[in-house]
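Fold and contact review
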Amino acid sequence: MSARQDQAPYLQALCAYAAREPARLHVPGHKGGPGADPQLLEAIGERALSLDIPALTYGVDIGPEPTPFEQAQRLAAQAWGAERAWFLVNGASQGNLAAGLALAHSGDEVVVQRNAHSSAVDALVLSGLRPTFAAPELDPELGIAHCLSAQTLDMALAQTPGAVGAWVVSPTYFGAVADVRALADVAHARGVALIVDEAWGAHMAFHEDLPAHALSLGADLVISSTHKIVGSLTQSAMLHLGARGDELIGEDAVDRAVTLTESTSPSSLLTASLDAARRLAVVSGRELLADTMQTLADTRAQIRAIDGLDVLDERMAGRAGVFAYDPLRLAVDIRGIAASGYELAPMLRELGDINLELVGQNVVVAVFGMGERALPEAARLVDALGQAAMRVGLDPSGASASFAAPPPWGELAMTPREAFLGAQEAVPAAAAAGRVAAESLATYPPGIPNVLPGERLTAETLAYVQRTLELGGSVRGASDRLLRTVRVVTENDPR
Ligand SMILES: Cc1ncc(COP(=O)(O)O)c(C=O)c1O
């Protein structure tokens, strides 16, 4: 008999196992509590420890089929409208790694949205795929990157006839949602798969007022960070295969890639949390999301009423690279006050112990969950923002301050894998122009990698990164965060 969406077969089987008080002659060594450090035991409780069991436990992961583990993944596939769903215990990062390795079964070139998450770049290193990067639309006013347009994708695919896939991000950190249907049409017209990193959009399948989710719009493989908004435990995520995923990527290739990137001891707690989060989303998601959206609409209105502050919302839809807006992110436009996001963040911590998800020069982002105590948190944020804005005062020129677009990225002299694994050395940044980078440099704002492993460094890009640091921005990926040195490939390596 197949399980129903109001059941959580994996979680139920796990609880039943723990309740039996079985002889635990298996890992983990804490044995459900007695072997654990007392403070850990007190902090997370004996109940949680008793549910922490290994994979391949009879009646949970193995035994009569479909096992509770299989049933849980099938229910997840059904809930998101996928042909198949894989539970991931190493986050959406694992989903990106698996996507890259699966794609590499079909060929060695791929088109990738330039502001892909660092795990997608890691996937290029692992898979050896040669990327053609496609530039997202830049918002010159806000200084942030939005999504990829269908035209840009089409041009990149035309430039890359050997591409086996197109890899895009939607929604972005800031809530911009791509025109996924148009992107899928473009990819499919050229006979390649569309992979959507929907890490930030796992909730979008559960309320009709939210932008449609990627699987419903023709995506072939979707990376979904269930823990981010839907509320499974941190590090748990899912990978979903779309209707044409088997034909264009291969279900077996994805399955092998998931196995390769996964521990042989996947956490039962993470797995159970995915099963439970799926049930919560199906059974109560619509109601919970409606509540959170209402709270956020009210909160946005209150923030806009504070002098110097504005918010990003559905007014963004229609801008280049923004097809729709995901309201579960609360992105505050702070250009009108005399503080950058980097200065505001510590102030908010001090004023209200407010801890934000992301901070940039012009925009700060608070994340709300599918079903949270949104009201008190939102009220605390509004209160602290009001006090901070008053403290720093207005910046009359801020709202019109425009943002210098980063210089074009350098020529790809070798694949990211060759550069990452090749002989390399750290050289002074001043002497790095013309060399091939062995590491990434991504300045925030706007978070688009300026340099990726395998690309030739230009003086212009190095100066831009340096300038961003001087203005209070940060650089991710660099081994020397102050950019005194850069890791480059030792060329003409005799090995
Ligand atoms: C677009 C995108 N993809 C993937 C990831 C990785 O997700 P996780 O932290 O679940 O591994 C993130 C994390 O922030 C992300 O923003």
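Our structure is the block above this text.
To start, this report covers the structure provided alongside it.

Rules and cut-offs
- Residues numbered from 1 in each chain as written.
- Predicted model: local features only at pLDDT ≥ 70, side-chain atom pairs only at ≥ 80, totals over all residues.
- Heavy atoms only, no water.
- Core = buried A, V, L, I, M, F, W, Y, C linked by side-chain atoms within 4.5 Å.
- Buried < 20%, exposed > 50% of the residue type's maximum accessible area, 1.4 Å probe, protein only.
- Helix = DSSP H or I, 4+ residues; strand = E, 2+ residues; numbered from the N terminus.
- Near = heavy atom within 4 Å.
- Polar contact = N/O pair within 3.5 Å; in protein donor to acceptor, adjacent residues only side chain to side chain.
- Areas by Shrake-Rupley, 256 points an atom, 1.4 Å probe, with all protein chains shown as cover.
- 1 Å grid on protein atoms, 1.4 Å probe; cavity = no way out; pocket = protein on both sides within 12 Å on 5 of 7 lines; lining within 4 Å.
- Sits in = over half its atoms within 2 Å of the grid points.
- Nonpolar A, V, L, I, M, F, W, Y, C, P; charged D, E, K, R; others polar.
- Pairing = 2+ DSSP bridges.
- Right-handed = clockwise from strand over helix to strand, strands pointing away.
- Axes fitted to C-alpha atoms, helices over the stretch in contact; angles between N-to-C directions.
- Left-handed = near helix turned anticlockwise from the far one by under 90°.
- Contact = heavy atoms within 4.5 Å.
- Salt bridge = Lys/Arg side-chain N within 4 Å of Asp/Glu carboxyl O.
- Phe/Tyr/Trp six-rings, centres within 6.5 Å; stacked < 30°, edge-to-face > 60°.
- Lys NZ or Arg CZ within 6 Å of the ring centre and 35° of its normal.

What to know about the nonpolar core
Core analysis: the largest hydrophobic core is formed by 68 residues, its most contacted members being Trp 80, Leu 153, Leu 194, Val 196 and Leu 312. With six residues, the top contributor of residues to this core is helix α11 (residues 268-304).

Looking at the site of the ligand
If you check the shell around the ligand, you find 13 residues, and the closest are Ala 92, Ser 93, Asp 197, Ser 225 and His 227. Here Asp 197 contributes a side-chain N or O atom positioned 2.6 Å from a nitrogen atom of the ligand. At a separation of 2.7 Å, an oxygen atom of the ligand approaches a polar side-chain atom of Ser 225. For the ligand, whose unbound accessible area comes to 390 Å², protein coverage reaches 86%. A molecule is said to occupy a pocket when more than half its atoms come within 2 Å of that pocket's grid points, and by this definition the ligand occupies the largest pocket. Elements with a minimum of two residues in the shell around the ligand: α4 (91-103) and α8 (226-229). Here the element with the most residues in the shell around the ligand is α4; it accounts for four residues. Looking at the shell around the ligand residue by residue, the classes come out as five nonpolar, six polar and two charged.

Section: the pairing of strand β3 (residues 130-134)
Successive side chains on a regular strand alternate, one facing one side of the sheet and the next facing the other. Counting buried residues in β3 gives four out of five residues, a clear majority hidden from the surface. With five bridges joining them, strand β2 (residues 109-113) and β3 adopt parallel strand pairing. Bridge pairing in β3 places Glu 109 opposite Arg 130. Note that the unit made of β2, helix α5 (residues 118-127) and β3 has a crossover that is right-handed.

Remarks on the packing of α4 against α5
One way to put it is that α4 packs onto α5 with a least axis distance of 8 Å and a crossing angle of 35°. Helix-helix and strand crossings are classified by hand; for α4 and α5 the assignment is right-handed. Across the interface between the two elements, Ser 93, Asn 96, Leu 97, Gly 100 and Leu 101 from α4 touch Ser 119, Ala 120, Asp 122, Ala 123, Leu 126 and Ser 127 from α5. Residue classes in the contact of α4 with α5 are distributed as five nonpolar, five polar and one charged.

Structural notes on the pattern of salt bridges
Side chains carrying opposite charge are able to pair once their charged atoms draw close together. What the rule picks out here adds up to 20 salt bridges. Linking Arg 319 and Asp 139 is a salt bridge whose minimum nitrogen-to-oxygen distance equals 2.6 Å. On the criterion of sequence distance, the pair formed by Arg 319 in the loop between β11 (310-311) and β12 (324-325) and Asp 139 in strand β4 (residues 138-139) is long-range, its members being 180 residues apart. Taking relative accessible area as the criterion, Arg 319 reaches 30% and is therefore assigned partly exposed.

Some thoughts on the sheet that holds strand β10 (residues 237-241)
The strand order across the open sheet built from seven strands is β1-β10-β9-β8-β6-β2-β3, with neighbouring strands paired in mixed fashion. Of all the strands in the sheet, just β1 (84-88) and β3 have a single pairing partner and so form its edges. Adjacent strand axes in the sheet meet at a mean angle of 20° when their direction is disregarded. Relative to β10, strand β9 (residues 221-224) runs antiparallel, the two sharing four bridges. Pairing of Val 222 across the sheet is with His 240, part of β10. Along the sheet, α4 contacts β1, β2, β6 (163-169), β8 (193-197), β9 and β10; its crossing angle with β6, the most-contacted strand, is approximately 165°. Across the sheet, helix α6 (residues 150-159) lies against β2, β3, β6 and β8, angled at about 150° from β3, the strand it touches most.

Things to note about the packing of aromatic side chains
Here a ring pair, both rings aromatic, is described through the centre-centre distance and the interplanar angle of the planes. Overall, the coordinates contain five aromatic pairs when judged by the stated rule. Ring centres of Trp 80 and Phe 206 lie 5.1 Å apart, and the angle between their planes is 85°; this geometry places the pair in the edge-to-face category. One end of the pair, Trp 80, is in helix α3 (residues 68-80); the other, Phe 206, is in the loop between β8 and β9, and 126 residues separate them in sequence. Each member of the pair, Trp 80 as well as Phe 206, carries the same accessibility label: buried. On the numbers, 6.3 Å between centres and 85° between planes, the contact of Phe 133 with Trp 409 is edge-to-face. Taken together, the residues Phe 133 in strand β3 and Trp 409 in the loop between α13 (374-392) and α14 (416-421) connect sequence positions 276 residues apart. Through a chain of ring-to-ring contacts, the aromatic side chains of Tyr 10, Phe 69 and Phe 87 assemble into a single cluster. For the cation-ring pair, Arg 114 lies above Phe 133, with the distance from its terminal atom to the ring centre recorded as 4.6 Å. Its guanidinium or amino end placed over the ring of Trp 200, Lys 228 lies 4.8 Å from that ring's centre, counting from NZ or CZ.

Here we look at the sheet that holds strand β14 (residues 358-359)
Pairing in this open sheet of four strands is antiparallel, and the strands run β11-β13-β15-β14 from one edge to the other. The sheet is open, and its two borders are formed by β11 and β14, each paired with just one other strand. In the sheet, strand β13 (residues 329-333) pairs with strand β15 (residues 363-367) via five bridges, with the strands oriented antiparallel. Bridge pairing in β15 places Asp 333 opposite Val 363. Packed onto the sheet, α11 meets β11 and β13 and runs at close to 10° relative to β13.

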